[in-house]
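# Coordinates in review
One letter stands for each residue in the lines below.
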Amino acid sequence: MRLAELSRRSGIPTATIKYYLREGLLPPGRRVTATQAEYDDAHLQRLRLVRALIQVGGVPVASAREVLTALEDDSLDHNSRLGTAVWALPHGPEPSGDDVFQERAGRTVDALLARLGWDSAQEYAAESPAHRMLVTAVAALARLGYPCAVEDLAPYARAGHQLAVTDLDLIERYDSADEQLEAAVALTVLYEPVLLALRRIAQAQESHRRYGQRSTEE
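Residues numbered from 1 in each chain as written. Predicted model: local features only at pLDDT ≥ 70, side-chain atom pairs only at ≥ 80, totals over all residues. Heavy atoms only, no water.

### Comments concerning the overall build of the protein
- Of the regular secondary structure elements, the protein holds 10 helices and 2 strands.
- In sequence order, the secondary structure elements of the protein are arranged as α-α-β-β-α-α-α-α-α-α-α-α.
- What you see for the protein is a C-alpha radius of gyration of 22 Å, clearly larger than the 17 Å of a compact globule of 218 residues, by over 25%.
- Expressed as lengths along the three principal axes of its C-alpha atoms, the size of the protein is roughly 80 × 45 × 30 Å.
- For the protein, buried positions account for 31% of its 218 residues.
- Intrachain contacts of the protein at a sequence separation of at least 6 include 61% that bridge at least 24 residues.
- Between the mean site of the 24 positive side-chain charges and the mean site of the 31 negative ones, the protein shows a separation of 6 Å. (Helix = DSSP H or I, 4+ residues; strand = E, 2+ residues; numbered from the N terminus. Rg over C-alpha atoms; globule rule 2.2 N^0.38 Å. Buried < 20%, exposed > 50% of the residue type's maximum accessible area, 1.4 Å probe, protein only. Contact = heavy atoms within 4.5 Å. Lys, Arg positive; Asp, Glu negative; His and termini not counted. Charge placed at Lys NZ, Arg CZ, Asp CG, Glu CD.)

As structure tokens, then:
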């Protein structure tokens, strides 16, 4: 297909596609004349992954280029490629290592992972942006005096595991490895506001169950 057709099928403007080509996010097409090239379904799939990273996930172009380079590494297995794609997403502020609450939070998170038996999460803790994000969040809870011990966090972790099972089940609906990578990034980002909304709706429902009926009866 020509550039105009690639744009139409991908839903991405030609100017943006040209920018992705210049930045090395999209491989060049097969040159047919001095000024024209042809593209195929592999370019279309790559464009969808680039869009998932940059437009949906908010990943900077330079970081997206690094991720795409890593994803093309044949030495990586599918698990590593999925992890590389999702780890590239923004994960919030980095922890400050010289804070006593941060240090305690790190120990709490380590104890939580050990209690859950999440060996892989423990193994890659030092490299995981999600691990650092969790430590920072637990430290913030501790500074404000809110419950954040291992027993407080464990129910959230178990619920998170069930969500992860659902996530991977959704991702596995796609056939190719590239489609699954795109889905892993896009669904991680797009379902987070869904999860937040459902949590708040569920809180309101549970609050009504506990306290609403009582006030009505009174």
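What follows picks up the thread again.
### Details of the pattern of salt bridges
- The full count for this structure, using the stated rule, is 9 salt bridges.
- Across the pair Glu-38 and Arg-30 runs a salt bridge whose closest N-O atoms are separated by 2.5 Å.
- Classification of Arg-30 by relative accessible area gives exposed; the value is 53%.
- With its nearest N and O atoms 2.5 Å apart, the salt bridge here joins Arg-209 to Glu-206. Here the residue Arg-209 and the residue Glu-206 both occupy positions in helix 10 (residues 177-217), the gap between them amounting to 3 residues, near one helical turn. (Salt bridge = Lys/Arg side-chain N within 4 Å of Asp/Glu carboxyl O.)

### What to know about helix 5 (residues 78-87)
- Along helix 5, the residues classified as buried are Arg-81, Leu-82 and Ala-85. Buried residues of helix 5, seen end-on, are gathered within an arc of 100° and therefore sit on one face of the element. (Arc of directions from axis to C-beta.)

### Some thoughts on the side chain of Gln-180
- Within the secondary structure, Gln-180 sits in helix 10.
- When neighbours within four sequence positions are excluded, Gln-180 is seen to be in contact with His-78, Leu-82, Ile-171, Glu-172, Tyr-174 and Asp-175.

### A closer look at the nonpolar core
- Core analysis: the biggest nonpolar cluster contains 33 residues, and Leu-6, Tyr-20, Leu-25, Leu-53 and Ile-54 have the highest contact counts within it.
- Listed by contribution, the elements that provide at least two residues to this core are helix 1 (3-10), helix 2 (14-22), helix 3 (41-56), helix 4 (61-71), helix 5, helix 9 (150-171) and helix 10.
- A total of 7 residues in this core trace back to one element, the largest contributor, which is helix 3.
- Aside from chain neighbours lying at most four places away, what touches Leu-53 is Gly-58, Val-59, Ala-64, Val-67, Leu-68, Ala-85 and Val-185.
- The next biggest cluster of nonpolar side chains, apart from the first, holds 13 residues, and it includes Leu-113, Leu-116, Val-138 and Val-150. (Core = buried A, V, L, I, M, F, W, Y, C linked by side-chain atoms within 4.5 Å.)

### Overview of the packing of helix 6 (residues 100-116) against helix 8 (residues 129-143)
- Packing of helix 6 against helix 8 brings their axes to within 8 Å, and their N-to-C directions diverge by 120°. As summarised for this structure, helix 6 and helix 8 are arranged oblique, according to the angle between their axes. Handedness of the crossing formed by helix 6 with helix 8: right-handed. Of the residues in helix 8, those in contact with Phe-101, Gln-102, Ala-105, Gly-106, Thr-108, Val-109, Asp-110 and Leu-113 of helix 6 are His-131, Leu-134, Val-135, Thr-136, Val-138, Ala-139, Ala-142 and Arg-143.
- By residue class, the composition of the contact of helix 6 with helix 8 is 9 nonpolar, 5 polar and 2 charged. (Axes fitted to C-alpha atoms, helices over the stretch in contact; angles between N-to-C directions. Parallel < 35°, antiparallel > 145°, perpendicular 65-115°, else oblique. Left-handed = near helix turned anticlockwise from the far one by under 90°. Nonpolar A, V, L, I, M, F, W, Y, C, P; charged D, E, K, R; others polar.)

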